[in-house]
Amino acid sequence: MVWKVFALAGAGALGTLARAGVGALAGRLWPHPFPFGTLAVNLTGCFLAGCFWALFEHRWAGHPELRAVVLVGFFGAFTTFSAYALEAAQLFTGPSPRLALAHLVLQNGLGLALAFAGMALGRSLTG
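Cut-offs used in this document
- Residues numbered from 1 in each chain as written.
- Predicted model: local features only at pLDDT ≥ 70, side-chain atom pairs only at ≥ 80, totals over all residues.
- Heavy atoms only, no water.
- Helix = DSSP H or I, 4+ residues; strand = E, 2+ residues; numbered from the N terminus.
- Buried < 20%, exposed > 50% of the residue type's maximum accessible area, 1.4 Å probe, protein only.
- Contact = heavy atoms within 4.5 Å.
- Areas by Shrake-Rupley, 256 points an atom, 1.4 Å probe, with all protein chains shown as cover.
- Axes fitted to C-alpha atoms, helices over the stretch in contact; angles between N-to-C directions.
- Parallel < 35°, antiparallel > 145°, perpendicular 65-115°, else oblique.
- Nonpolar A, V, L, I, M, F, W, Y, C, P; charged D, E, K, R; others polar.
- Expected span 1.5 Å × (residues − 1).
- Phe/Tyr/Trp six-rings, centres within 6.5 Å; stacked < 30°, edge-to-face > 60°.

## Side note on the overall build of the protein
Then step 1. If you tally the helices and strands in the protein, you get five helices and zero strands.
Then step 2. Ordered by position from N to C terminus, the α and β elements of the protein give α-α-α-α-α.
Then step 3. Taken over 127 residues, the protein has a buried fraction of 20%.
Then step 4. Once local pairs closer than 6 in sequence are excluded, the contacts in the protein between residues at least 24 apart make up 54%.
Then step 5. Of the accessible surface of the protein, which amounts to about 8,600 Å², a share of 74% is contributed by carbon and sulfur atoms.

Structural data, given as structure tokens:
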């Protein structure tokens, strides 16, 4: 159990460093007000998380601990957007595409609304 905690923490640290590196590289390659760094991280994370998910499903099924370390530890720190997209894809391809649509609408709609609410609260607290 203790090794799993350290493995998750280590993978999370690596994911954080990878996120910073990819974001910085994208910012240098495409200096623009549009957040290309975040876009690059999210798209890369979605693609790679999907690849690893398929590998764990079909080739490495006997390694649930490694699956958690990679998908939760590394990709959880690299981008939570990859988890969001992977869950939506699983819902779309599973028995309930309606849940996938609800997932997308709620995450995006409520997330954006709450970001604005948090910004408003933060502004009101600063005077």
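## A word on the side chain of Ser82
Then step 1. Position of Ser82 relative to the elements: it lies in helix H4 (residues 80–93).
Then step 2. The residues touching Ser82, leaving out its near neighbours within four places in the chain, are Gly45, Cys46, Ala49 and Phe75.

## Points about the packing of H4 against helix H5 (residues 97–125)
Between two packed helices, what matters for the description is the angle formed by their axes and the separation of those axes.
Then step 1. One way to put it is that H4 packs onto H5 with a least axis distance of 7 Å and a crossing angle of 155°. Taken together, H4 and H5 sit at an angle that is classed as roughly antiparallel. The segment H4 lies against H5, with Tyr84, Glu87, Ala88, Leu91 and Phe92 engaging Pro97, Leu99, Ala100, Leu101, His103, Leu104, Gln107 and Asn108.
Then step 2. For the contact of H4 with H5, the residue count by class is nine nonpolar, three polar and one charged.

## Some details on helix H1 (residues 2–29)
Then step 1. Helix length check: H1 (28 residues) gives 41 Å between terminal C-alpha atoms against 40 Å at 1.5 Å per residue, within 8%.
Then step 2. Residues of H1 that are buried: Ala11, Gly12, Gly15 and Ala26.
Then step 3. If you follow the buried residues of H1, they end up packed against helix H2 (36–58) and helix H3 (64–78).

## Describing the packing of aromatic side chains
Then step 1. Taken as a whole, this structure holds nine aromatic pairs when the rule is applied.
Then step 2. With a centroid separation of 5.0 Å and an interplanar angle of 90°, the aromatic rings of Phe74 and Phe75 are classed as edge-to-face.
Then step 3. A residue is classified by how much of its surface remains accessible, and Phe74, at 23% relative accessible area, is partly exposed.
Then step 4. Judged by centre distance (5.8 Å) and plane angle (15°), the rings of Phe74 and Phe78 are stacked. Of this pair, Phe74 and Phe78 both sit in helix H3, four residues apart, which is roughly one turn of the helix.
Then step 5. Overall, the relative accessible area of 4% leaves Phe78 in the buried class.
Then step 6. Ring pairs connect the aromatic residues Phe52, Phe56, Trp60, Phe74, Phe75 and Phe78, which therefore count as one cluster.

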